[in-house]
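Report on the structure
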Amino acid sequence: MSPETTAPRSLAEALRARDDASLSALLRSRPDLITPVPTDLTQLATRAGTRASVVRALERLDRFALQTAEALAVAPEPATYDELLGLLAGDDGDPTVTAAYPHALGTLREQALVWGDDERLRLVRTARELLAPSPQHPSPTGLGPTVGESTAGMSPGRIQEIVAAAGLPSTHDSVSAVASLSALFSDRPRMSALLDEAPAEAVEVLSRLVWGPPYGQVTAEPAAHLRWLIGRGLLLPTGPGTVVLPREVALHLRAGRAHRVTEPVAPAVEAATTHRPQVVDAAAAGQAYTTLATVEELLKDWHEGGPAVLRAGGLSVRDLKRTAVALDVSEPVAAFWVELAHAAGLVASDGETEERYAATPAYDEWLELPAAERWTRLASAWLAATRTAGLVGGRDTKDRTLSALGPGLDRSAAPEVRHRVLTLLAALPEGAAPAADSVLARLYWERPQRGTRPSPEDLRARLARWTLSEAELLGVTGRGALSAQGRALLGLPQAAGAKEAEPSGPGDKLPAHKRHHPVTAPAPHSPAERAAAAARAARLLAPLLPEPLDHVLLQADLTAVAPGPLERPLADTLGVLADVESKGGATVYRFTPGSVRRALDAGRSASDLHAFLTAHSRTPIPQPLTYLIDDVARRHGHLRIGAASAYVRCDDDAMLSEILADKRSQGLGLRRLAPTVLAAQADPAALLAGLRSMGFAPAAESAEGDVLITRAHAHRTPPRTAPEPVPEGPPVPDATLLGAAIRAIRAGDLASTTPRKADPAGDRPGNGELPRTSSAETLATMQAAVMTGEAVWIGYVNAEGAASQRVIAPIRVEGGFVTAYDHTADEVRTYPLHRVTGVAELADDQP
């Protein structure tokens, strides 16, 4: 059978010729096509040609595949395999382009952007409209319209003048004249001979237009060299004072290339520096420990209730600044830590009337985990989060400031970009840190923006830069290189080396450094895979983290030095008894009267504090610290405050007289009720704070006269779930869904394409229309089919109102139901006759 009879005439026919594996590849690469599942292959082809779906598919092409589509958009329709290759490789046949071309064309075919055999390659119509040159939307190729398109409104006499000036014989009609001129411009030897006669100034004009834009301005009386070009059709008028360089002429001047620079090979990610893997892992582990300490410090700062939630949602600028000061980091970094805790489900709003941010119950559970597991929880949440901390402080589309924990921070591309950047780092030799510019160049090649060049403001470029800095902050990388625990978290094998794992395909015939298609390591998708990757990362990280210490070093200047991380009970108690003065490799705590009083207010006695320090200090307790504790304890509770409105009582009336004489007490409204009692107009809490600010150490008491012990109140939100990532389009279907979808599409296609007999009136349903027959005709046809055993074609509307076409072989008709073998579903089913819209017999040659 000749190629003419076997070539597909439409995209639907091309899809119908595919096997199940090919259809699966299409639906996997373009998951929007099965949302919802098409009824048949015709509907699938229609959906694959819609503008939204085509734009989404084009945006996911790599640079060379997109250049191949752009070249096909300026090729004759239909184009041959060799014609398209010539537009990419040029007259000299670039061997690198030639090697990469089959895979690029295969990608376009797989994604149903190109259909037809090698002699009739066609772009989907919508893709051609998007990529073909036009005055409003110039092509990235820089090419203009063809001779035929440029002369569409030209008078026949003018066309004949151009043909004669170009040295061609005149013709009897404009169509043949345009064809003759196009043939001249496409003929390399004849075109070279014509240009040899051109004035030097004319050649200079052509050289300025050849790579685009192809449009130029001319005056009403153009110069002689311009008249020479216009007279021979090398420049054609498009309007008053405007000319264009025809596509055929430009291609001749370009030696057949559609693009000035063809990029068949992905740019390599270059290593900027290289360190020993052990150094990288140690640096990353140190930063992982800092991550845990910073998140704990953040949540400790919000222990009793964090900042208020803005009416529009999120943190105020003032609260973010205060948080940055508390963490001793910049505001963008503070926003990252806040968003990280939120993504991990450790921070949320409490939902109260006066809404505030606070730790969630999950935070307490997180604290009980081993340090390595706590880190993997945070790192895994960061990898999957679509919320992007780098946007904080920017503006949304309505010129409103984007705030931390507020709306508008989700970017669906963020998880994919993070995973891709880290995978590129994994492809480098172990211990190698990449040059950031080479990473951005690679990402742009893999996902170029149509018609643009790389830009620092491009979202994917910004996401990549943020990924590199955030991965370093988090400890996924160390000194810029991917750590062993980061590699494990991605689900990659431990021994990565310098060679990338490439997917199979025609490009595999190229050397590794010249393979043009992007390399993407499969991310762990299922919860079990993610849990296994996190557990492996935790096992690698655990030995690198410092062991918690059970001791400190007390010094004579009222400080204690923690030479490393402390065990949690020790750190908690010491955090109450002393104030953190500095952090780093060692943490310095300072004891002050206020900090000691804080410990006494929490219910500790002086003897408890002495015993605690004795048990946990590797150095003797300095005498100044002993005196400080005893002195504060001796005065602690000497004054008692209760509710009168409030009162102060003290056995030492001289101290009460001192308080009354102090000018700072005037705002408390004190007056003496008895030698040992003062009454105040202030409430007990204000009175307590006021006297402490004056340097006294009062203690609150209950109505029964007992000392009230004040402990820090841990404010927690109700149970909250971590924010769900916002997906970037429909999710990639799994194998089960793909199999079911393909079976349903093929079954529907069988029903819609099975030939039917025409009815007596000569009418038959149109494409996609359900058959229509009366109830009596339907019943009679069904009963006849039961007797003959023949299959029939029916239209059916289910209980939800969804209409479908089916091919069935009726077995039994009774009680208003027909039981039949459904060829569409490949099973026996029973259908209510009142839901059958009509029935038609199949053609005689059908089963």
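Residues numbered from 1 in each chain as written. Predicted model: local features only at pLDDT ≥ 70, side-chain atom pairs only at ≥ 80, totals over all residues. Heavy atoms only, no water.

Quick notes on the sheet that holds strand β3 (residues 215-217)
Note on sheets: strands pair through backbone hydrogen bonds, and any given pair is parallel or antiparallel. Filter applied, for reference: Pairing between strands requires that DSSP locate at least two bridges from one strand to the other. Elements are defined by DSSP. Helices are runs of H or I of four residues or more, strands are runs of E of two residues or more, and each kind is numbered from the N terminus. All axes are obtained by fitting lines to C-alpha atoms, using only the stretch in contact for helices, and the reported angles, taken between N-to-C directions, cover 0 to 180 degrees.
Pairing is antiparallel across the open sheet formed by 3 strands, whose spatial order is β3-β5-β4. Among the strands making up the open sheet, the edge pair consists of β3 and β4 (236-239). With strand direction ignored, the average angle separating the axes of adjacent strands in the sheet is 40°. In terms of strand pairing, β4 meets strand β5 (residues 242-244) through 3 bridges, oriented antiparallel. Paired with G239 across the two strands is T242, which belongs to β5.

Things to note about the pattern of salt bridges
Close approach of charged atoms lets side chains of opposite charge pair. Quick note on the threshold: We define a salt bridge as a contact between a side-chain nitrogen of Lys or Arg and a carboxyl oxygen of Asp or Glu at a distance within 4 Å. Between buried and exposed lies partly exposed: a residue is buried under 20% and exposed over 50% of the maximum accessible area for its type, with that area taken using a 1.4 Å probe on protein chains only.
Under the defined criterion, the tally for this structure stands at 31 salt bridges. Between R442 and E446 there is a salt bridge, with its nearest N and O atoms 3.0 Å apart. Taken together, the residues R442 and E446, both in helix α23 (residues 436-446) and 4 residues apart, mark about one turn of the helix. Taking the relative accessible area as the measure of exposure, R442 reaches 4% and is therefore buried. Overlapping salt bridges bring together D92, D94 and R257 as one network.

A closer look at the packing of helix α27 (residues 568-577) against helix α28 (residues 593-601)
Keep this limit in mind: The labels follow the angle: roughly parallel below 35 degrees, roughly antiparallel above 145, roughly perpendicular from 65 to 115, and oblique for the rest. When checking whether two residues touch, look at their non-hydrogen atoms; a contact exists if any pair is within 4.5 Å.
Interaxial distance between α27 and α28 falls to 7 Å at its minimum, and their mutual angle equals 120°. With respect to their mutual orientation, α27 and α28 come out oblique. Judged by residue contacts, G575, V576 and L577 of α27 engage S595, V596, R598 and A599 from α28.

Description of a negative patch on the surface
The cut-off we apply is this: To count toward a patch, a residue needs a relative accessible area above 30% and no salt bridge. Like charges then connect within 9 Å, nonpolar side chains (Val, Leu, Ile, Met, Phe, Trp, Tyr) within 5 Å. Per-residue and other accessible areas follow the Shrake-Rupley method at a 1.4 Å probe size, with only the shown protein chains counted as cover for residues. Counted as positive: Lys and Arg. Counted as negative: Asp and Glu, with His and the chain ends omitted from the count. Charge positions are represented by NZ for Lys, CZ for Arg, CG for Asp and CD for Glu.
Together, D651, D652, D653 and E658 make up a region of like negative charge exposed at the surface. By secondary structure assignment, the location of E658 is in helix α31 (residues 653-661). The class for E658 is partly exposed, based on a relative accessible area of 48%.

Some thoughts on the nonpolar core
Heads up, the condition is: As used here, the term nonpolar core means buried Ala, Val, Leu, Ile, Met, Phe, Trp, Tyr and Cys residues forming a set that is joined through side-chain atoms within 4.5 Å.
Judged by nonpolar contacts, the single largest core of 91 residues is most densely connected at L15, F185, L229, L234 and L235. Top element by residues in this core is helix α6 (residues 63-73). It accounts for 7 residues. Discounting residues that sit within four places of it in the chain, L235 has contacts with V205, L206, L209, L226, L229, I230, V243, V244, L245 and P246. In this structure, W375, L422, L424 and L482 belong to the second largest nonpolar core, which totals 70 residues.

What to know about helix α26 (residues 527-541)
Think of an α-helix as 3.6 residues a turn; residues three or four steps apart then line up on the same face. Formally: Here a helix's expected span is defined as the number of its residues, less one, multiplied by 1.5 Å.
If you check α26, its first and last C-alpha atoms are 21 Å apart, about what 15 residues at 1.5 Å a residue would give, namely 21 Å. Buried-residue contacts for α26 involve α17 (277-301), α21 (371-384) and α25 (484-489).

Quick look at the sheet that holds strand β14 (residues 579-582)
Here 4 strands make up an open sheet; going across it, the order is β12-β13-β15-β14 and the pairing antiparallel. If you trace the sheet from one side to the other, it starts and ends with β12 (553-555) and β14, each paired once. Sheet twist, expressed as the average angle between the axes of neighbouring strands with direction ignored, equals 30°. Bridge analysis of β12 against strand β13 (residues 559-562) gives 3 bridges, and the strand direction is antiparallel. Across the sheet, L553 pairs through a bridge with V561, a residue of β13.

As for unusual backbone geometry
T35 connects to P36 through a cis peptide bond whose omega is -5°. Backbone torsion omega between E77 and P78 reads -5°, so that peptide bond is classified as cis. Mapped onto the secondary structure, P78 falls in the loop between α6 and α7 (81-89). Look at A112: it is not a glycine, yet its phi comes out positive at around 60°. On the secondary structure map, A112 appears in the loop between α8 (95-110) and β1 (114-115). At A255, a position not held by glycine, the phi torsion is positive, near 60°. With respect to the helices and strands, the residue A255 is situated in the loop between α16 (247-253) and β6 (271-274). Residue classification places A255 among the partly exposed residues on the basis of a relative accessible area of 36%.

Notes on the packing of aromatic side chains
This is how the line gets drawn: Ring pairs shown here join Phe, Tyr and Trp side chains whose ring centres sit within 6.5 Å, with only the six-membered ring taken for Trp; geometry is labelled stacked below 30 degrees between planes, edge-to-face above 60, and tilted in between. Counted as over-ring charges are cases with an Arg CZ or a Lys NZ within 6 Å of the ring centre that also lie within 35 degrees of the ring normal.
Taken as a whole and assessed by the stated rule, the structure comprises 5 aromatic pairs. One cation-aromatic arrangement involves R374 over W366; the distance from NZ or CZ to the ring centre is 5.4 Å.

Looking at the pairing of strand β18 (residues 671-674)
In this structure, β18 lies alongside strand β19 (residues 677-680), joined through 3 bridges in antiparallel fashion. Considered in β19, the bridge of R672 is made with L678.

Observations concerning the packing of α21 against helix α22 (residues 414-426)
Test applied: Basically, the charged four are Asp, Glu, Lys and Arg, the nonpolar ten are Ala, Val, Leu, Ile, Met, Phe, Trp, Tyr, Cys and Pro, and anything else, Gly included, counts as polar.
Relative orientation of the contacting elements α21 and α22 amounts to 115°, with a least axis distance of 7 Å. Comparing the axis directions of α21 and α22 gives the class roughly perpendicular. Every residue of α22 that contacts α21 at W382, L383 and A384 is listed here: P415, R418 and L422. Across the contact of α21 with α22, the residue classes break down as 5 nonpolar, no polar and 1 charged.

Remember, this is a structural readout, not a statement about activity or role.
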